[in-house]
There are 2 protein chains.
Amino acid sequence: MDSLKKKIVEEGSAIGTEIVKVDSFLNHQIDVKFLEEIGREFGRIFKDTEVDKIMTVEASGIAIACLTAPHFGYPPVVFAKKAAPNTMNEGFYEAEARSFTKGTVSKLKVARKFLSEGEKILIIDDFLASGEASVAMAELVEQAGAAVAGIGAVIEKGYQGGSDRLREKGYRVESLAVIRKIEDGVITFD
Amino acid sequence: MDSLKKKIVEEGSAIGTEIVKVDSFLNHQIDVKFLEEIGREFGRIFKDTEVDKIMTVEASGIAIACLTAPHFGYPPVVFAKKAAPNTMNEGFYEAEARSFTKGTVSKLKVARKFLSEGEKILIIDDFLASGEASVAMAELVEQAGAAVAGIGAVIEKGYQGGSDRLREKGYRVESLAVIRKIEDGVITFD
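Before going into details, it helps to say that this report is about the structure given with it.

Rules used in this analysis
Residues numbered from 1 in each chain as written. Chains lettered and ligands numbered in written order. Predicted model: local features only at pLDDT ≥ 70, side-chain atom pairs only at ≥ 80, totals over all residues. Heavy atoms only, no water. Pairing = 2+ DSSP bridges. Helix = DSSP H or I, 4+ residues; strand = E, 2+ residues; numbered from the N terminus. Contact = heavy atoms within 4.5 Å. Axes fitted to C-alpha atoms, helices over the stretch in contact; angles between N-to-C directions. Buried area = accessible area lost by both parts, 1.4 Å probe. Salt bridge = Lys/Arg side-chain N within 4 Å of Asp/Glu carboxyl O. Polar contact = N/O pair within 3.5 Å; in protein donor to acceptor, adjacent residues only side chain to side chain. Nonpolar A, V, L, I, M, F, W, Y, C, P; charged D, E, K, R; others polar. Phe/Tyr/Trp six-rings, centres within 6.5 Å; stacked < 30°, edge-to-face > 60°. Buried < 20%, exposed > 50% of the residue type's maximum accessible area, 1.4 Å probe, protein only. Lys NZ or Arg CZ within 6 Å of the ring centre and 35° of its normal. Least-squares fit on C-alpha atoms with pLDDT ≥ 70 in both. Parallel < 35°, antiparallel > 145°, perpendicular 65-115°, else oblique. Left-handed = near helix turned anticlockwise from the far one by under 90°.

## Structural notes on the sheet that holds strand S3 (residues 29-30) of chain B
- A sheet is described by the order of its strands in space; here seven strands give the open sequence S11(A)-S10(A)-S9(A)-S8(A)-S4(A)-S5(A)-S3(B), paired in mixed fashion. In this open sheet, the two strands that pair with only one neighbour each are strand S11 (186-189) of chain A together with S3 of chain B.
- In the packing of helix H4 (residues 132-143) of chain A onto the sheet, the strands contacted are strand S4 (53-57), strand S5 (77-80), strand S8 (120-128) and strand S9 (147-157) of chain A, and the crossing angle to S8(A) comes to about 165 degrees.

Have a look at this one:
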């Protein structure tokens, strides 16, 4: 997605060789009009895919998933939580995920009642790096006996192997911008 | 907002006398089409208000703020973070907020570059209870020398005093549904 690559170059910045910072439009400040374009692009890419529900993980994935939903006929969006609030008093599915940028391990949780057997779940997230969050979400889906309809990431850090890991598991993975390399502050795409 | 009260009664549930659970459409599973209605309602209520930016707090506020933005000409949405990621390597504003449902105290953070002097900030959140999150967000806005254009909450728990506290500070507070009482599992609105 050329407009996304352009936006990453113009507004983003690289930290070292691993981290790309896009907090001006994606994960701290949000450019809603631009995210509508991103949602439309996911709609185009997955247009022949049956989607009963869209799943993401708090916090940055929520905006993207919500702006993607209109392009699939407004299926429910479910976001996995990193901590269980005291209102989550019923059963939930749980899977471990490591956050590369926060250096933490989270246990992603989804209430059982929001994932059902046989449902086709489109997983959407902001970043795909080593794939830990997506793998964890796919695990939640499979714990419920539901099926992963596809995995869509806005930005993939191609050199961290996440998409390979996910494709080896048989999932369809689509990233809107794949970063090949970050060197001397310069971001190079596939 | 009658459709909201109806939805709370039909899909929500009460826990004890304090907590109303709306995880089927607002803060775990999200009904995007319904949140578009909520965004439109905030647009109507604050239609004469100048808004440069919409501010909320992760995670549940994000969807609401993003679906409100189109009704104000797509201003940037900024969400306060409860933990600083290691990409937040520049200065930030910070204010304390207590979560009623999680029983925790969070330090809300916003990068300084995303709040500027003189800006008019509309604060949007899912719940207004004792007002801790909104007070903390208003503090962040004022630390930046910006102004609170208004505070919009989807659901207010009127008996917890938050809106009174905020109005005493001179803020305009608008809640789409005000709960007066929860008793024997029955939710009563104002």
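## A word on the sheet that holds strand S8 (residues 120-128) of chain B
- On the basis of which strands lie adjacent, the open sheet formed by seven strands has the order S3(A)-S5(B)-S4(B)-S8(B)-S9(B)-S10(B)-S11(B) and mixed pairing. Bordering the open sheet on either side are strand S3 (29-30) of chain A together with strand S11 (186-189) of chain B, each of which pairs with just one other strand.
- Alignment of S8(B) against strand S9 (residues 147-157) of chain B, held across eight bridges, turns out to be parallel. Across the sheet, Leu122(B) pairs through a bridge with Gly150(B), a residue of S9(B).
- Packing against the sheet, helix H4 (residues 132-143) of chain B makes contact with strand S4 (53-57), strand S5 (77-80), S8 and S9 of chain B, and its axis sits at approximately 165 degrees to S8(B).

## With respect to the interface of chain A and chain B
- Across the contact, 42 residues belong to chain A and 42 residues belong to chain B.
- If you sort the residues of chain A by the area they bury against chain B, His28(A), Gln29(A) and Tyr74(A) come out on top, with a joint share of 19%.
- Counting every contact that joins chain A to chain B gives two salt bridges.
- The partner of Lys113(A) in a salt bridge is Asp23(B), and the shortest N-O contact between them spans 3.3 Å.
- Summed over the shared surface of chain A and chain B, the result is 13 residue pairs in polar contact (both at pLDDT 80 or more).
- Those elements giving two or more residues to the side of chain A that touches chain B turn out to be strand S2 (19-21), S3, helix H2 (32-45), helix H3 (60-68), S5 and strand S7 (104-111) of chain A.
- When residues of the side of chain A that touches chain B are assigned to their parent elements, the largest contribution, five residues, is made by H3(A).
- Of the residues contributing to the side of chain A that touches chain B, the split by class is 22 nonpolar, nine polar and eleven charged.
- Where S3(A) lies against S5(B), two bridges are found, and the strand directions are antiparallel. When the sheet's bridge partners are listed, Ile30(A) is paired in S5(B) with Val77(B).

## Side note on the packing of aromatic side chains
Residue and element names in this part refer to chain A.
- Within the structure shown, the criterion is met by two aromatic pairs over all chains.
- Arranged with centres 5.8 Å apart and planes meeting at 85 degrees, the rings of Phe-25 and Phe-34 form a pair that is edge-to-face.
- We classify Phe-34 as buried; its relative accessible area is 7%.
- Lying across the ring of Phe-34, Lys-7 places its NZ or CZ 5.0 Å from the centre.

## Brief notes about the relation of the copies chain A and chain B
- Turning chain A through 180 degrees and shifting it by 0.0 Å along the axis lays it on chain B, with an RMSD of 0.0 Å. Read as a symmetry element, the transformation amounts to a two-fold axis.
- The overlap is high: 100% of the interface residues of chain A also sit at the interface in chain B, so the same surface is used on both sides.

## So, the pattern of salt bridges
- This structure, assessed with the given rule, holds 26 salt bridges over all chains.
- For the salt bridge of Lys6(B) with Glu10(B), the shortest nitrogen-to-oxygen distance reads 3.5 Å. Remark: Glu10(B) and Lys6(B) occur in helix H1 (residues 2-11); sequence separation between them is four residues, near one turn of the helix. Glu10(B) matches Lys6(B) in its accessibility class, with the two residues each being exposed.
- In this structure, Asp31(B) engages Lys7(B) in a salt bridge whose closest nitrogen and oxygen atoms are separated by 2.8 Å. Of the two residues, Asp31(B) is situated in the loop between S3 and helix H2 (32-45) and Lys7(B) in helix H1; the sequence distance between them amounts to 24 residues.
- Members of the salt-bridge network, linked through shared partners, are Lys7(A), Glu11(A) and Asp31(A).

## Here we look at the packing of H2(B) against helix H3 (residues 60-68) of chain B
Residue and element names in this part refer to chain B.
- Following both chains from N to C, one finds H2 and H3 inclined at 60 degrees, their axes separated by 8 Å at the closest point. Classified by the angle between their axes, H2 and H3 sit oblique to one another. H3 is crossed by H2, and the crossing has right-handed handedness. Residues Val-32, Leu-35, Glu-36, Ile-38, Gly-39 and Phe-42 of H2 form the contact with H3, whose participating residues are Ala-63, Ile-64, Leu-67 and Thr-68.
- Of the residues that constitute the contact of H2 with H3, the class distribution is seven nonpolar, two polar and one charged.

## Some points on the side chain of Ser60(A)
- Looking at where Ser60(A) falls in the secondary structure, it is placed in helix H3.
- Other than its neighbours up to four places away in sequence, Ser60(A) contacts Leu26(A), Asn27(A), Asp126(A) and Phe79(B).

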